Each structure stands twice: as C-alpha cells, then as structure tokens.
Amino acid sequence: RRARGGAPATMRLRLKNVWASDTNYVDVDPSQTVSVLKHGLLVPKGLMGARDSLMYRGEHLLDELPLSAYGMPEDADVYVMEPLECFPPDQCCCFDLRTGVKTFTSCFLAYDIVLFLIGAAFIGAGVYASCFAAGQGGACRLTRYSGFALTGVVFAGSGLLGLIHDAYGLGAINSYSAGGIRCFAIVHAVRLVLSIGVAFPFGVILYAWYLYAVKVLYDRVRRGDIAPGIRGSGGDGGAVPPASKTPPV
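Our subject in this report is the structure included herewith.

Re unusual backbone geometry
Here is step 1: Phi angles above zero are rare outside glycine, and aspartate 75 is one such case at about 65 degrees.
Here is step 2: With respect to the secondary-structure elements, aspartate 75 resides in the loop between β4 (59–60) and β5 (76–81).
Here is step 3: Given the relative accessible area of 25%, aspartate 75 is considered partly exposed.
Here is step 4: Phi at tyrosine 176 takes a positive value of approximately 55 degrees, unusual for a residue other than glycine.
Here is step 5: Structurally, the position occupied by tyrosine 176 is in the loop between α3 (146–174) and α4 (178–195).
Here is step 6: A relative accessible area of 13% means that tyrosine 176 is categorised as buried.

Overview of the pairing of β5
Two faces belong to every sheet, and in a regular strand the side chains alternate between them.
Here is step 1: Pairing between strand β1 (residues 11–17) and β5: five bridges, direction parallel. In the sheet register, leucine 15 faces β5, and the bridge partner there is valine 78.
Here is step 2: Of the strand pairs in this sheet, strand β3 (residues 53–56) and β5 are connected by three bridges, and their pairing is antiparallel. Counterpart to serine 53 in the pairing with β5 is methionine 81.

A short note on the packing of helix α2 (residues 97–131) against α3
Here is step 1: Two elements in contact, α2 and α3, have axes separated by 6 Å at closest approach and are oriented at 155 degrees. In terms of axis orientation, α2 runs roughly antiparallel to α3. You can see that α2 and α3 cross each other, and the crossing is left-handed.
Here is step 2: When grouped by side-chain class, the residues that make up the contact of α2 with α3 number 21 nonpolar, 12 polar and four charged.

Some remarks on the side chain of threonine 105
Here is step 1: Among the secondary structure elements, threonine 105 is positioned in helix α2.
Here is step 2: Setting aside anything within four residues of it in sequence, one finds threonine 105 in contact with Asp166, Leu170, Ile173, Phe184 and Tyr210.

A few points about the sheet that holds β1
Either a parallel or an antiparallel arrangement is found when strands of a sheet pair, and the pairing is made through backbone hydrogen bonds.
Here is step 1: One open sheet accounts for five strands, arranged β2-β1-β5-β3-β4; its pairing is mixed. With one partner strand each, in any of the chains shown, β2 (23–28) and β4 form the two edges of the open sheet.

A short note on a nonpolar patch on the surface
Here is step 1: A surface patch of nonpolar side chains, amounting to about 430 Å² of accessible area, comprises Ile113, Phe116, Leu117, Leu160 and Ile164.
Here is step 2: Among the elements of the structure, α2 and α3 are those that each provide at least two residues to the nonpolar patch.
Here is step 3: Of the residues forming the nonpolar patch, the biggest block, three residues, is contributed by α2.
Here is step 4: Judged by relative accessible area, phenylalanine 116 falls into the partly exposed class, the value being 32%.

Thresholds applied
Residues numbered from 1 in each chain as written. Predicted model: local features only at pLDDT ≥ 70, side-chain atom pairs only at ≥ 80, totals over all residues. Heavy atoms only, no water. Helix = DSSP H or I, 4+ residues; strand = E, 2+ residues; numbered from the N terminus. Buried < 20%, exposed > 50% of the residue type's maximum accessible area, 1.4 Å probe, protein only. Pairing = 2+ DSSP bridges. Axes fitted to C-alpha atoms, helices over the stretch in contact; angles between N-to-C directions. Parallel < 35°, antiparallel > 145°, perpendicular 65-115°, else oblique. Left-handed = near helix turned anticlockwise from the far one by under 90°. Nonpolar A, V, L, I, M, F, W, Y, C, P; charged D, E, K, R; others polar. Contact = heavy atoms within 4.5 Å. Patch = residues over 30% accessible without salt bridge, like charges linked within 9 Å, V, L, I, M, F, W, Y side chains within 5 Å. Areas by Shrake-Rupley, 256 points an atom, 1.4 Å probe, with all protein chains shown as cover. Salt bridge = Lys/Arg side-chain N within 4 Å of Asp/Glu carboxyl O.

Structure representation (structure tokens):
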C-alpha cells in the first residue's frame, strides 16, 4: 500500500529465526522505530522474545532508529537473534563490548611483547654462538647456531609489527575513533588469514570471534551508540544514550 505522494505506507518483511527454520511475514510501517516494531508487534505476537534483537545484512538494528534508516526493500530478510551472554553486540568476554575488546587487544599486545623478547633472545644467542663462543674473539662465521639468529629476526619482526598494530588499536578504542577501529580491524583480518595455516582450529575460531567483536564495536562507535558518557558502553560516565543517532550509511 502507498501513502499520499507515492511513498510506501507499509512494507512486508520476511522474519527469520537464526536458530530455527521458521519464517514469518509481517507488514510494517517504514517510519516506525525498531523498538515499536519489536515491542508493539513482534513480542506481543510471540514472534520474538523481549530480550531478542533484530539483524539485517549482518547489522544489529538499533531500537531508536526508524526502519527506513536501513534501506530495506520489500520482502527483506530480517533475522531474530536470541541473546547470548558474553557475546556481541552487547558484551565481549562477559564485559561490556568496548571493555571486552580492549581486554582481548591488551592480551594480543602482551603476546606480541613476549614474541619480540623471545626473538631478541634468539638473535643474541645466535650471534654469541657464531661470533664469540669457543674463543672466536668476534670473528663471525656460519655455524649450526646461526639459524637461531635468523629465527630470532622472524620472531622479533613479527612481534614488533604486532605490537605497533595492537598499540594503535588500543589508542583507537580509547579515543572512540571509528576510522581507527576500522583500519585496526582490516589489518587484523589480514593477520587472521595469515594465521589459518599455522594456528590450531580453536585459535582461528577464537580469533574470528574477536574480529567479529571489533567489527561490531566499529559499527556501534560509528553510529554513536558507544561514546564517552553513555551508560553500558564502556564510556566514561553514566548518561543515557542520546535520543537520536546518525542513520547508518
């Protein structure tokens, strides 16, 4: 149906549950907010729980934004997500999302520092064995211990690059910089691809879960849902979220 001027008065959405195979069709007003859709229609009809969230094209829908902000076409697939404790979009590792991502990033930073120190130790051991051991007096020559130095260069270089990257990411998270978090996530995605061949499957899954949390954090910071002073966002104060947000692009 169309309202005066040709704009659609209602549109049909295809509602799917992530953990079930059932599909429901609902007619909605694109100008109504996500909160009105959830608590005024879907929850009373038993199509979703009060604590469930809605997701469209991998993006969680914010309660205070109108449906039209997401550019949904007719018969768009909207998914119902049941709440998962300690998982995005609200939490990460049982902290609020931003604090959880900071905690994991700090763990990566500590790992990179250890890797750099191990590499430096290998370099030192290899150089000493090749140049100063057995009375060589600084005359370096290739020995079976020279490989220690080469291995150390690889370890130290990888640790140093990772250290710089994670320090940059922590700075972006601390300053609520959406652009910085985006760059941080892209580089982490490259690191994930490179680690697939050497990490255990559990490590890759954990890495992918962390990267998803960073991606969700970027989306919420970009929209202003997470900012200094917003309660529950890992911000600096206890103010409630602002009534209006910039619609997603």
